[in-house]
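Residue-level listing of the chains:
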Amino acid sequence: MLINNMAFAVSKRNAMAFAVTLLLVSIPMSSSTLQQDFLQCLVENSDISFPITAAFYSPDQNATLFKEELESTAQNLRYLTPSNPKPVFIFEPMYETHVQAAVVCAKKLQLHMRVRSGGHDYEGLSFVSENETPFVIVDLSKLRQIDVDVDSNSAWAHAGATVGEVYYRIQEKSQTHGFPAGLCSSLGIGGHLVGGAYGSMMRKFGLGADNVLDARIIDVNGKILDRAAMGEDVFWALRGGGGGSFGVILAWKIKLVPVPSTVTVFTVTKTLEQDGTKVLYKWQQVADKLDEDLFIRVIIQTASKTTKPGNRTISTSYQGQFLGDSNRLMQVMQKSFPELGLTKKDCMETSWIKSVMYIAGFPSSAAPEALLDGKSLFKSYFKAKSDFVEEPIPVEGLEGLWKKLLEEDSPLTIWNPYGGVMSRIAESEIPFPHRKGTLFKIQWLSSWSDGKASDERHMKWMREMYSYMEKYVSKNPRRAYVNYRDLDLGVNEEESDAREWGTKYFKGNFERLVKIKGEFDPENFFRHEQSIPTKIG
């Protein structure tokens, strides 16, 4: 039997080598030999045969398919212009062993590697390398298995699965279990949790990363490690330390949380003419102190007063999710935030999964199966930044902000409340440090549709607005959220001090992250413009 198994393995390897040979013959002579060398290395380091031609995308083989694959999940079109560096090829592993081989081969061939799970990185770091070429993309979108175990209140989710798919698979097994992760359903779970992962249940259960039980990663040597094998330091670093620094995330084991059978959602909009400034000032004072079952974020943007062009105002939309029925919600609101003027008619009672879809922007008629589509609802040229606020912004500060927003074509800012459980988890529990004392987090965003033609104008506006807000937000350091990646804060360069940006994302946890990185990946194989460095100073 042993001889037969060995013979099967050899024949399998030979068949794979033959398939690779056929593919190499089909690659035009003008193509770089890097892909050929990489393919041959995969044969030598991977035991499972697969339709290899379907796993590679290169501009020489099929420029159209390559372009489609490169752009398939990317949100920020600023990083898909002709002038942006492109990968030599994209490799889509179908099994974990292929990812192992990809790491081994990239290291052997000295190929810079970017890993993509969902493609939502705000600065395109999962699919563009501005400072190191040649580079390749290892795309994990084929690794999307999700196994839910309601009895143990846990689930394993592979890195290529989207947040929406995870939510769907949970509700498929139970209507009273959920997971406190992101508000955007097309996020890749692999890169989402590694940055912290906030969502509408964070005030009740904490971040997604606070609810991770185990992980499977591939280290720089191509070995698969779970929590026990990687050690508690590395496991700590993975849960909020940012993507692309310590290894390739293969899968997360997440803790499911209880959700009620009835969840209530609502949206109430106030313009400046409807006392919008006054209501927002009050929201700042109460949002972090509300019942932990209640999450109210504010979506702020410009709006037209009338159909007359140029006649604009500011719209503030209060979008809420309450883990309970509308009767109890109304009691909470009348006691704590009557200024919003919420009525029973504004409320919609639904299931947890439908409340998630409501916040994600799906129409009310959409079935939960829409979460399986996995496509981003937002693709644009944009620049984003983030802030954390510790004291209410005064009315005069808000009025100055309104003037700034009205200067821009399509500005958007979203304010997410903290408090609750978030205030009771220590700053050092995981690398994500934004806890006690934080009233709310701000996401700043400006988007446009005409590409490079107006990049400079919109980027200038964003930086001026960010400068204006400096006196109203956190200080020493001015903090930022790593999943809203912002290269304006600084990048890894020979003469630069990574603490300039590292402490803004991680505060005092940055030095521990650097120490772990230096021990776990001393040669800095896993790196990008804002990856954790092996040393500082």
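Residues numbered from 1 in each chain as written. Predicted model: local features only at pLDDT ≥ 70, side-chain atom pairs only at ≥ 80, totals over all residues. Heavy atoms only, no water.

Novice: In this structure, what is going on with the sheet that holds strand E8 (residues 212-218)? I would like to understand it.
Specialist: Where strands meet in a sheet, backbone hydrogen bonds hold them as pairs that are either parallel or antiparallel. Pairing in this open sheet of five strands is antiparallel, and the strands run E5-E6-E10-E8-E9 from one edge to the other. A strand with exactly one partner marks an edge of an open sheet, and here the two such strands are strand E5 (146-149) and strand E9 (224-225). The pairing of E8 with strand E10 (residues 248-255) spans six bridges and is classified as antiparallel. Bridging across to E10, Asp214 finds its partner in Lys253. (Pairing = 2+ DSSP bridges. Helix = DSSP H or I, 4+ residues; strand = E, 2+ residues; numbered from the N terminus.)

Novice: I tried to follow the nonpolar core on my own but got confused; where do I start?
Specialist: The nonpolar side chains of soluble globular proteins are, as a tendency, buried together. Within the largest apolar cluster, 100 residues are counted, with the highest numbers of intra-cluster contacts made by Trp252, Trp283 and Trp415. Among the nonpolar cores identified, the runner-up in size contains 28 residues, and Phe38, Val99, Cys105 and Leu143 belong to it. (Core = buried A, V, L, I, M, F, W, Y, C linked by side-chain atoms within 4.5 Å. Buried < 20%, exposed > 50% of the residue type's maximum accessible area, 1.4 Å probe, protein only.)

Novice: Would you mind showing me how to read the UniProt feature "domain: FAD-binding PCMH-type" (unreviewed entry) in the chain here?
Specialist: UniProt's feature table lists "domain: FAD-binding PCMH-type" (unreviewed entry) at residues 81-259, given in the numbering used throughout. When the span residues 81-259 is considered, its composition is 25% helix and 23% strand, and the gap between its end C-alpha atoms is 43 Å. (UniProt positions renumbered as here; feature names shortened; annotations may be inferred.)

Novice: Can you help me understand the sheet that holds strand E1 (residues 56-57) in this one?
Specialist: Taken in spatial order, the four strands line up as E1-E2-E4-E3 in an open sheet, and their pairing is mixed. Every interior strand has two partners, whereas the edge strands, E1 and strand E3 (112-116), have only one.

Novice: How do you make sense of the packing of helix H15 (residues 499-506) against helix H16 (residues 510-520) when you look at a structure like this?
Specialist: At a closest axis distance of 9 Å, the pairing of H15 and H16 adopts a crossing angle of 110°. Considered as vectors, H15 and H16 are oriented roughly perpendicular to each other. Each of Arg499, Trp501, Gly502, Thr503 and Phe506 in H15 lies in contact with H16, whose residues at this interface are Phe510, Glu511 and Leu513. Taken together, the residues of the contact of H15 with H16 break down into four nonpolar, two polar and two charged. (Axes fitted to C-alpha atoms, helices over the stretch in contact; angles between N-to-C directions. Parallel < 35°, antiparallel > 145°, perpendicular 65-115°, else oblique. Contact = heavy atoms within 4.5 Å. Nonpolar A, V, L, I, M, F, W, Y, C, P; charged D, E, K, R; others polar.)

Novice: Could you clarify how one ought to interpret the pattern of salt bridges in this entry?
Specialist: Should the charged atoms of two oppositely charged side chains come close, the side chains can pair. If you walk through the whole model with that rule in mind, you get 36 salt bridges. Between Glu132 and Arg527 there is a salt bridge, with its nearest N and O atoms 2.6 Å apart. Of the two residues, Glu132 is situated in the loop between E3 and strand E4 (135-139) and Arg527 in the segment after H16; the sequence distance between them amounts to 395 residues. Judged by relative accessible area, which is 25%, Arg527 ranks as partly exposed. Where salt bridges share partners, they join Arg78, Glu123, Lys383, Lys385, Arg463, Asp486 and Asp488 into one cluster. (Salt bridge = Lys/Arg side-chain N within 4 Å of Asp/Glu carboxyl O.)

Novice: How should the packing of aromatic side chains be read in this particular structure?
Specialist: Geometrically, a pair of aromatic rings is defined through the distance of the ring centres and the angle of the planes. Under the definition given, this model contains 23 aromatic pairs. Pairwise contacts between aromatic rings join Tyr122, Tyr198, Phe382, Phe432, Tyr481 and Tyr484 into one cluster. Stacked on the ring of Tyr198, the Lys or Arg Lys441 has its end atom at 3.8 Å from the ring centre. (Phe/Tyr/Trp six-rings, centres within 6.5 Å; stacked < 30°, edge-to-face > 60°. Lys NZ or Arg CZ within 6 Å of the ring centre and 35° of its normal.)

Novice: Honestly, the side chain of Thr313 in this entry has me stumped. Any pointers?
Specialist: Relative to the elements of secondary structure, Thr313 occurs in strand E14 (residues 312-322). The exposure class assigned to Thr313 is buried, which follows from its relative accessible area of 4%. For Thr313, the side chain forms a polar contact with the side chain of Glu273, separated by 3.0 Å. (Polar contact = N/O pair within 3.5 Å; in protein donor to acceptor, adjacent residues only side chain to side chain.)

Novice: Before we go on, may I ask you to explain unusual backbone geometry in this structure?
Specialist: Backbone geometry follows two general trends: most residues other than glycine have a negative phi, and most peptide bonds adopt the trans configuration. For the bond from Thr133 to Pro134, the omega torsion is 0°, close enough to zero to count as cis. Mapped onto the secondary structure, Pro134 falls in the loop between E3 and E4. Here the amide bond leading from Asn476 into Pro477 is cis, since omega sits at 5°, within 30 degrees of zero. Mapped onto the fold, Pro477 is located in the loop between helix H14 (455-468) and H15. Non-glycine residue Asp275 carries a positive phi angle of around 65°. Within the element layout of this structure, Asp275 appears in the loop between strand E12 (263-271) and helix H10 (276-286). For Asn476, which is not glycine, the phi torsion reads 50° and is therefore positive. Here Asn476 lies in the loop between H14 and H15. Judged by its relative accessible area of 78%, Asn476 falls in the exposed class.

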